[in-house]
There are 2 protein chains.
Amino acid sequence: MKGLWRGLAAFGLACILVCGPGSPGGARAEDGYRLWLRYEPVEPAHRDAYRALAAGLLPAGNSPTLQAATAELREGLSGLTGRAVEVVTRADAGVVLYGTPAASPEIAALGLPLEGLGEEGYLIRSVRIEGRPVTVIAANADRGVLYGAFAFLRHLQTRGPVARLDIRSAPSVRLRLLNHWDNLDRTVERGYSGQSIWDWHRLPEFTPQLYADYARANASVGINGTVLNNVNSNARSLTAPYIAKAAALADVFRPYGVRVYLSARFSAPVEIGGLPTADPLDPRVRAWWRSKADELYAAIPDFGGFLVKANSEGQPGPQDYGRTHADGANMLADALAPHGGVVMWRAFVYSELNPEDRHKQANAEFEPLDGQFRDNVLVQVKNGAIDFQPREPFHPLFGAMPRTPLLLEFQITKEYLGFSTHLAYLGPLFEEVLQADTHRPRPGTTVAHVVDGRAFGHQLTGVAGVANIGSDRNWAGSHFDQANWYVFGRMAWDPAGTGARAVAGEWARMTFSNAPEVVEPIVEMMMGSREAVVDYMTPLGLHHLMGTGHHYGPAPWVSDLARPEWNPAYYHRADAGGIGFDRTVTGSNALAQYAPGAAAAWADPATIDERYLLWFHRVPWDHRMESGRPLWDELVLTYDRGVAAVDRMAATWASLAAHIDPERHAEVSQFLRIQQAEARWWRDASVAYFREVSGRPLPPGAPEPAHPLAWYQAQSFPDAPGHWD
Amino acid sequence: MKGLWRGLAAFGLACILVCGPGSPGGARAEDGYRLWLRYEPVEPAHRDAYRALAAGLLPAGNSPTLQAATAELREGLSGLTGRAVEVVTRADAGVVLYGTPAASPEIAALGLPLEGLGEEGYLIRSVRIEGRPVTVIAANADRGVLYGAFAFLRHLQTRGPVARLDIRSAPSVRLRLLNHWDNLDRTVERGYSGQSIWDWHRLPEFTPQLYADYARANASVGINGTVLNNVNSNARSLTAPYIAKAAALADVFRPYGVRVYLSARFSAPVEIGGLPTADPLDPRVRAWWRSKADELYAAIPDFGGFLVKANSEGQPGPQDYGRTHADGANMLADALAPHGGVVMWRAFVYSELNPEDRHKQANAEFEPLDGQFRDNVLVQVKNGAIDFQPREPFHPLFGAMPRTPLLLEFQITKEYLGFSTHLAYLGPLFEEVLQADTHRPRPGTTVAHVVDGRAFGHQLTGVAGVANIGSDRNWAGSHFDQANWYVFGRMAWDPAGTGARAVAGEWARMTFSNAPEVVEPIVEMMMGSREAVVDYMTPLGLHHLMGTGHHYGPAPWVSDLARPEWNPAYYHRADAGGIGFDRTVTGSNALAQYAPGAAAAWADPATIDERYLLWFHRVPWDHRMESGRPLWDELVLTYDRGVAAVDRMAATWASLAAHIDPERHAEVSQFLRIQQAEARWWRDASVAYFREVSGRPLPPGAPEPAHPLAWYQAQSFPDAPGHWD
C-alpha cells in the first residue's frame, strides 16, 4: 500500500521541476502528516549532484524489509531529485546498491568493514564497481540496510556533503522503545494529540496506512519497538481477541524492524485467568504466564516482552502477596525466556504509607534487589526521581544497580511542560540527563554510559520514551512536538554521542527548510525553549507545582490532597521563613543516594548550580544568590525571564512567516499565543502565591500579577485533556 | 488560510497536464480528507469545453462570503481544467461573473429572474455581455452566490452539460442543520469516527484549517447551521469561557453561511446560574435566560438558537416543576426572540413510568400542545417513533401538529446500522421517510410537505441530521459514510424533490470517478446497501434488537434491563406462539395515531407491506407470507438475503480495484470484510435465538449458525465505541 506522502511524491514526480519551491501557487500547504520525511525537491544548485547519486536502485534481495527500503529510497530520492528513481538490474554509474554481503556478491567483493555493526548498524560509502561510481548501503542484516537507507536520505535531506560518502553508524543501545500510555477505549493517559491511534475496536481487520507510516517514522529514527498499551494496564489486552489485534499491528510493523511489546497487568491471572491468586511463586500462576507467553509467541513470533508497573499508584503487584519486585519480574522473565522475550520492570514506585521523601523511595526499594533479577529483566527507571518535571537531577538509581540493566524512561509527551501547545524542545533535557556524571563506578561515568551498558558491561540495554503520538493529523499534537519524537529516537540510538543542537538542526532542515535564515532562528528557538518552560513554571529547582489531576496550569497552593506527596506544597515547602526541599543531611538526605562525587556538587547552597537550588535546599527568602540578589528577587526575575523568552520565540516565529507554509505557520503562531498567555499565567499565579507566603513585595520593576491570588485559585479545568484512568 | 487540498491544488496547477489521471506513478493516494471536493482534472475530451467556461473569475464585491466563493472557484476550476484560473477585472469571454444585482451593474443589467430565490437561492446562466460569452452566478445575497459557486463546480465535477447553462435552485427548508452529539471532553455519543473535532481545551485560540474546511464542506451541500454540543448537554457549554470558544468557531464558519447553535441544558440556571430553581415560569429563571441570550448574542451576533432535550432519558426539563414542554420552550423562545433566535425542542420523550407503548408516548405528550408554542419554536421530531432503526414507519407526529413547525431529525451517524464499518447509504432511508404519505390534511401530503412547510403554511422550517463527523482523517469514519453527510445536506435543501439515486451518482462521481464502469456499480452498491442492513439486522419490521449500551451487534435475547422499553424482547415479543408487536386496535393501537388513510395501509397483516409486518402485528410463526412461505421460513431467508447482499457488495468492490486509488480501495475492502463477518453474526445470532424461541427447525438449505446460541449471548464488547454518557 502507498501512503499519502508516498502517493503524493509519485504524483508530483513529473511536476517537481515545474513547480519546485517558489513556484506560482506559493508554498505547498502542509498539515504535518509527513513529519520529517517530506523529501521536498533540493535547491537547483544541488540538483545535479544529487541526481548523480540517484541513477537507480539496486536492492540485494527481496525481503519485506528490503522492499521497505526500496520504497523509501524510491520516494525519497525521487522527491529530492525531481526525477523518477526506479529499481535497476545492474550497478551502473550513480546507482544505489544496498543489502548484505551475504545476499550480494558485489557487496561482498567490496570487502567493507562491517564488523562491529551488529544487525542494526550500517555503512554508506561511495565506491567503484567495475570503475563506475556507486553508492553502497551495506549492513549485516536487512534491518541495518533499512536504517542505512533512512540515514542516506537524511544526509541528503539535510544537505550533507555528497562527495566521497563514508558514513558508519550502529546503535549503542539495544532496545529503543516507545511506551504508549494508550487505553483500550482509545483515551490516552497524558495524551495531548487526540485519541490513541490504536483503533482496537476495528482491529485486527482494519490496518490503515497510518500504521505502516507509524512504523516508517519510527524506523527512520531507529526506534525498534513499541509498547502498545498503558502501563496502568487492562488485563483484557492479554486475552485472545486482543492478542490477535496486537498481532495484526506486529505484522504491519515487522518489515520496519519495529517489535510489539505489551504492558502486562500483574493480576491478569485472576482477572482473565480464573485463578484465585496472582502470587508469583504460585505454580498455577507461573503456569498461567508460561501458557500466556506461548500463546503470545504463537501469534507474534517476534513479540518483544512485557512492561510492568507493579505496586505503584494502585497497580497490583507481587507485594500484594508478600513477594518482592524481583520475584514478580523473574516469574514473568521465566515465562518469556524460552521465546527470547524481556521484562521491563518499572522502578517508579512510591507509597503514601511511606513517610520518607518520595525522592528516595524507588532507590530504597530497588537498590537492595540488585543482582536478584534474571538475565532477561531490565529495571526501567525514569530520568529523575520525582516524575518528568521540566528539570530534575538524574535518578540516583543510575549507577546504583551495577548488576542490573537499567532502561532509561523519558517522557516525550509533555505532561509537565505545557502539553502540546507549549513549544518546548526536549533535546536539551534528554542531553542534560544523559551527560550527567553519576561518578559510579568512577567520575566521568555518565547516565548515558550506564544506559548503553559500558559502565557495568551490560549487553541488554534500553531507552524508552512515553509517546506523544495520537490521532491528530500532525501525529504529535503540534508541529514542534514532532521534534521530540525525532530527538528521542536519535538520542536512543546513541545516548552518549548525540547532541541536542545537532539534532534540532537536522529536524528543522527536514521539517521546514534548509535555508540558513530559517534553520538558525528555529534552532535557537528550540534550544532555548525548554529552559523557558523551566523558568516560567518551576525555576531554581522548584518542582511539582501543577494543577491537580490534569496537571494543567499552576497550583502551588494545593496542600489538601489525600496523599501528602501529591501536594505541590509537599515539594516547595514555602512559608514565611523560606522555600525549598531540604534533601541534604539536615533534611531527607536524598543526596546520600548519589555517589559522593555527584552529591558533593549539590550539597552546599553556596556553591550549587542554582538551577537545582530549591530541589536540594531549603533557604530563606533573602538567601544571597550568585547575582547578588536575594532569592525572592531572583525567583521573580527568573519567572519574568521565562515569560520574556516566550515572547521572543513568538517574535522570531512571526518573522519567519514568509518562509513557512501558511498552514503550519498559522498553527504554530496560535500555539505560541497560547503559550505566551499561559507562561504569564504560571508566572503571575506563582508570584502571587509566593508573595503572599513570603510576605515580600515584588522587586522593583516586576509587574503586578494580572489577577489577585484568589482568582488563580478559583480556576478549574474539568475538560483538560490527558485524563488519568 | 489555505487548506490541504487548496494548497495541493495550487501546487499541482502546473503539473496537472503532465501528471493527470493515468500518469506514471499511478493513482494518486487519497486519505479521504478532501471529501467530494476533490476537483481532479477532467478527462481530455472535456478539457477544452471546461476551459472555455473558466477563463477568469469576476466577483462582484469583496465580502468574506464572496472571498470564500472566489477561493473555491479558483481551486475548483483550476483543478478541473488543469490551468490556473485567476481573478480578472472585466467580463471577457469565458469569465465567470458572480454576485448580486445590487453589487454588480453588469448583473443587474442582465435582468435575471431572481425573485423567489430568497437569500440562499441562486441562478447560474450562460449569458452574453457586450457580445462575449460569460457564465453568471447570480443571487439576491452573497450566501446564495456561494451556494451557486458550489453548484457550478458540482455541475462540472459530475460532467453536466456545459452548453447554455441555466440552473436555478433555492432551498425549500430554512434551517438545514447538523446536530453534533459531541461532549466537552471530546467524546462523541454514538460517534464512530474518532474524537470530536471540537478541541474545546485549545479553543478559542486554536482554530485549525479543519474548521474552515468543515464549514466549506457543509456549505457545498447547503447545510447552514450546526449545533455544536450534545443534546445530553453540559451546562458548562453556556459559561463565558465556552461561549468564547463557540464564538471563535462561529467566526470561522460565518463566511460559509454556517450558523452556530448550542444545546441548552434546561437546569443551567441552577448549575451555573446559582438559582435555586429552573422553573420556566419563575421570573428569576426567565431573567437569567434573557441575560444569557444577551451574552450569547454579544459574542455571536448571528447565533442560531437552542436545541433542547428535556424530560427525556434523565435530562432535566420543565416537567420537573410541573410545567409543560410548551412552558419550557416558550420561556427560552422569549429570551431568544429579541435577537431572532429559535428554539428547537425535541419530541423524543418516553418514560419507564409510562406503561404505554413507547411508540405512542411522544404523540401523547406533544399533540395536545399544538398551538401553544411561540412563533420561534420548532418541535424537533425523529424520523420514526422509536429511535433511528434501520427501518421505521414515519413518526405519527408528522401531520398531527398543524399549528407547529416540525423539524425533522435524521441520524447520519449509524448508531443502528453497523457503525462506520458497515456500508449503508442512508439516501433510501431518508427518501422513504420524506416520501411517506401522512394523509394529513389530505392524501398526497408527504412528510416532506410537512417539513418544508407547504402542508400547513409554515415559513419556519427545518431538517436536522445527527452528525457522523469526527477526528478521523476521512471525517466520517469510512469513505462511504461521507455519502451520508452529503445526501443529508442535499435532501435537506429540497426534501420533496431530491432523489437518493441521483445523489448517490453525484457523490460517486465527485468522490471516486466519472467513469461509468465505476459510477454504476458503486451506485448499485449504495442503493441496495441499507436494505441489506435491514435484512441482516431487523427484517420484516423487527426493531431494537441490538446489544445493550453500546448498541453493537445482536442481542434479541435481552429482557432483563431495568427499564422495560430498553429490552429488545419488549419490541419483538417472540415466544412459541409467534412474534411481533401488535400495534393495532387489539394491541397498543399506536396505529390510531396516524391518519386513517395512512393507518389503513398497515392495519391488516394480510395486506400490509411486509417490510412493516412485525412492527405493527404479532403473528404466528406459520403466518402465510406473500411468497407462500410461512413467516419463520421467510424470516430466515430474509436474513440470508441480507448476508448475500453484503457478499455481493464485497465482490463488486473487489472488481473495482483497478479503478480506485489503493489506499481507499484497501480501507473499504477491510471494512467490507468486517461487514461480511458481522452480517453473518447478526443473522446467526438472531436465527439461533428465534429458532430456540419458536421451536422450529431451520428451513431447508438454510445454514446452521456458526456457534450455539449461548456463544452469542456470552459475547461482550467493553471497548465498543460511541459511549453514552
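Residues numbered from 1 in each chain as written. Chains lettered and ligands numbered in written order. Predicted model: local features only at pLDDT ≥ 70, side-chain atom pairs only at ≥ 80, totals over all residues. Heavy atoms only, no water.

Chemist: Explain the overall build of chain A residue by residue, including any values.
Modeler: Counting its secondary structure elements, chain A contains 23 helices and 13 strands. Relative to the compact-globule value of 27 Å for 725 residues, chain A shows a C-alpha radius of gyration of 26 Å, a close match. Looking at chain A as a whole, 67% of its 725 residues are labelled buried. Sequence-distant contacts in chain A: of pairs separated by 6 or more residues, those separated by 24 or more amount to 74%. (Helix = DSSP H or I, 4+ residues; strand = E, 2+ residues; numbered from the N terminus. Rg over C-alpha atoms; globule rule 2.2 N^0.38 Å. Buried < 20%, exposed > 50% of the residue type's maximum accessible area, 1.4 Å probe, protein only. Contact = heavy atoms within 4.5 Å.)

Chemist: Could you give an account of the packing of aromatic side chains, naming the residues involved and the relevant values?
Modeler: Across all of its chains, the model carries 88 aromatic pairs over all chains by this definition. Note on Phe348(B) and Tyr350(B): the rings are 5.5 Å apart at their centroids and 65° apart in plane angle, and the pair reads as edge-to-face. Residue classification places Tyr350(B) among the buried residues on the basis of a relative accessible area of 6%. Here Trp711(B) and Tyr712(B) contribute two aromatic rings whose centre-to-centre distance is 5.1 Å and whose plane-to-plane angle is 85°, an arrangement assigned as edge-to-face. Taking relative accessible area as the criterion, Tyr712(B) reaches 3% and is therefore assigned buried. Of the aromatic side chains, those joined through ring pairs into one cluster are Tyr33(A), Trp36(A), Trp198(A), Tyr211(A), Tyr214(A), Phe253(A), Trp475(A), Trp485(A) and Tyr486(A). (Phe/Tyr/Trp six-rings, centres within 6.5 Å; stacked < 30°, edge-to-face > 60°.)

Chemist: Mind laying out the nonpolar core, listing which residues take part and the relevant values?
Modeler: Grouped together as the largest cluster of nonpolar side chains are 230 residues, with contacts concentrated most on Phe253(B), Trp289(B) and Phe690(B). Discounting chain neighbours no more than four positions away, the residues touching Phe253(B) are Trp198(B), Tyr211(B), Tyr214(B), Ala215(B), Thr226(B), Leu228(B), Val258(B) and Val260(B). Formed by 229 residues, the second largest nonpolar core is a distinct cluster that contains Ile124(A), Leu238(A), Phe253(A) and Val447(A). (Core = buried A, V, L, I, M, F, W, Y, C linked by side-chain atoms within 4.5 Å.)

Chemist: Can you break down the pairing of strand E6 (residues 175–179) of chain A residue by residue, with the values?
Modeler: All names here are of chain A. Burial analysis of E6 places five of its five residues in the buried class, which makes it a mostly covered element. Side chains of E6 alternate between two faces, with Leu175, Leu177 and Asn179 and Arg176 and Leu178 buried alike. Note that E6 and strand E13 (residues 462–466) share five bridges and pair parallel. Bridge pairing in E13 links Asn179 to Val466. Read from E6 through helix H7 (residues 209–220) to strand E7 (residues 225–227), the crossover connection turns out right-handed. (Pairing = 2+ DSSP bridges. Right-handed = clockwise from strand over helix to strand, strands pointing away.)

Chemist: Can you lay out helix H10 (residues 283–299) of chain B for me, pointing to particular residues and giving the numbers?
Modeler: All names here are of chain B. Compared with the 24 Å implied by 1.5 Å per residue over 17 residues, the 24 Å span of H10 between its first and last C-alpha is a close match. When H10 is considered as a whole, its buried residues turn out to be Val285, Trp288, Trp289, Lys292, Ala293, Leu296 and Tyr297. Each buried residue of H10 sits inside an arc of 165° when the element is viewed along its axis, so together they form one side. Those residues of H10 that are exposed and aimed more than 90 degrees away from the buried face are Pro283 and Ala298. Lining the buried residues of H10 we find helix H8 (240–253), strand E8 (259–263), helix H9 (268–271), strand E9 (305–308) and helix H11 (325–336). Regarding H10, its N-cap is Asp282, as a side-chain oxygen of that residue lies 2.7 Å from the backbone nitrogen of Arg284 further along. (Expected span 1.5 Å × (residues − 1). Arc of directions from axis to C-beta. Polar contact = N/O pair within 3.5 Å; in protein donor to acceptor, adjacent residues only side chain to side chain.)

Chemist: Quick rundown of the sheet that holds strand E10 (residues 342–346) of chain B? Include the residues and the values.
Modeler: Two modes of strand pairing occur in sheets, parallel and antiparallel, and in both the strands are linked by backbone hydrogen bonds. All names here are of chain B. The sheet built from eight strands closes into a barrel, its strands ordered E6-E7-E8-E9-E10-E11-E12-E13 with parallel pairing. Strand-to-strand twist across the sheet, computed as the mean angle between neighbouring axes with direction ignored, equals 25°. By the bridge criterion, four bridges tie E10 to strand E11 (residues 377–382) in an arrangement that is parallel. Along E11, the bridge assignment pairs Met344 with Leu378. Across the face of the sheet, helix H15 (residues 482–493) comes into contact with strand E6 (175–179), strand E12 (406–411) and strand E13 (462–466) while running at roughly 155° to E6. (Axes fitted to C-alpha atoms, helices over the stretch in contact; angles between N-to-C directions.)

Chemist: Residues and numbers for the pairing of E13(B), please.
Modeler: Residue and element names in this part refer to chain B. Counting buried residues in E13 gives five out of five residues, a clear majority hidden from the surface. Covered by surrounding structure in E13 are Gly462, Ala464 and Val466 together with Val463 and Gly465, the residues of both alternating faces. Where E12 meets E13, four bridges bridge the pair, whose relative direction is parallel. Each residue of the ladder has a partner; that of Phe410, found in E13, is Gly465.

Chemist: Tell me about the layout of surface pockets, and name the residues and values.
Modeler: To find the voids left in a structure, one rolls a probe of water-molecule size over its atoms. As a volume, the largest pocket reaches approximately 990 Å³. Taken together, 48 residues form the lining of the largest pocket, with Asp185(A), Thr187(A), Gln195(A), Thr187(B) and Gln195(B) sitting closest to its centre. Tallied by class, the residues present in the lining of the largest pocket amount to 16 nonpolar, 21 polar and 11 charged. (1 Å grid on protein atoms, 1.4 Å probe; cavity = no way out; pocket = protein on both sides within 12 Å on 5 of 7 lines; lining within 4 Å. Points joined across faces, edges and corners; volume = space filled by probe spheres on them. Nonpolar A, V, L, I, M, F, W, Y, C, P; charged D, E, K, R; others polar.)

Chemist: Please give an account of the pattern of salt bridges that cites residues and values.
Modeler: For the structure on display, the rule yields 106 salt bridges over all chains. Of the charged contacts in the structure, one is a salt bridge between Arg683(B) and Asp640(B), with a shortest N-O distance of 2.6 Å. You can see Arg683(B) sitting in helix H22 (residues 662–694) and its partner Asp640(B) sitting in helix H21 (residues 631–655), a full 43 residues away along the chain. Judged on exposure class, the residue Arg683(B) and its partner Asp640(B) are both buried. Put simply, Glu30(A), Arg34(A), Arg38(A), Glu40(A), Asp661(A) and Arg664(A) are held in one network by salt bridges that share partners. (Salt bridge = Lys/Arg side-chain N within 4 Å of Asp/Glu carboxyl O.)

Chemist: Any chance you could break down the confidence of the model for chain A for me, citing the residues and the numbers?
Modeler: When pLDDT drops low, the exact placement of atoms in the prediction is not to be read closely. All names here are of chain A. On average, residues of chain A score 94 in pLDDT, and 96% of them are at 70 or above. When the criterion is pLDDT under 50, residues 1–28 qualifies, and its contacts beyond four places in sequence or with other chains add up to 72 contacts. Reported confidences for the modelled complex are a pTM of 0.95 and an ipTM of 0.94. (pLDDT = per-residue confidence, 0-100.)

Chemist: Break down the side chain of Asp370(A) for me, with residues and values.
Modeler: Residues and elements named next belong to chain A. Note on placement: Asp370 falls in the loop between helix H12 (358–366) and strand E11 (377–382). At 3.1 Å, the side chain of Asp370 and the backbone nitrogen of Arg403 are in polar contact. Excluding its chain neighbours within four sequence positions, the residues that come into contact with Asp370 are Ala400, Met401, Pro402, Arg403 and Thr404.

Chemist: Talk me through the sheet that holds strand E1 (residues 56–59) of chain A; I want residue IDs and the actual numbers.
Modeler: All names here are of chain A. Pairing is mixed in the open sheet, where five strands are placed in the order E1-E2-E4-E3-E5. The open sheet has two edge strands with one neighbour each: E1 and strand E5 (166–169). Across the sheet, the mean angle separating the axes of adjacent strands is 25° when strand polarity is ignored. Where E1 lies against strand E2 (residues 95–99), four bridges are found, and the strand directions are parallel. Each residue of the ladder has a partner; that of Gly56, found in E2, is Val95.

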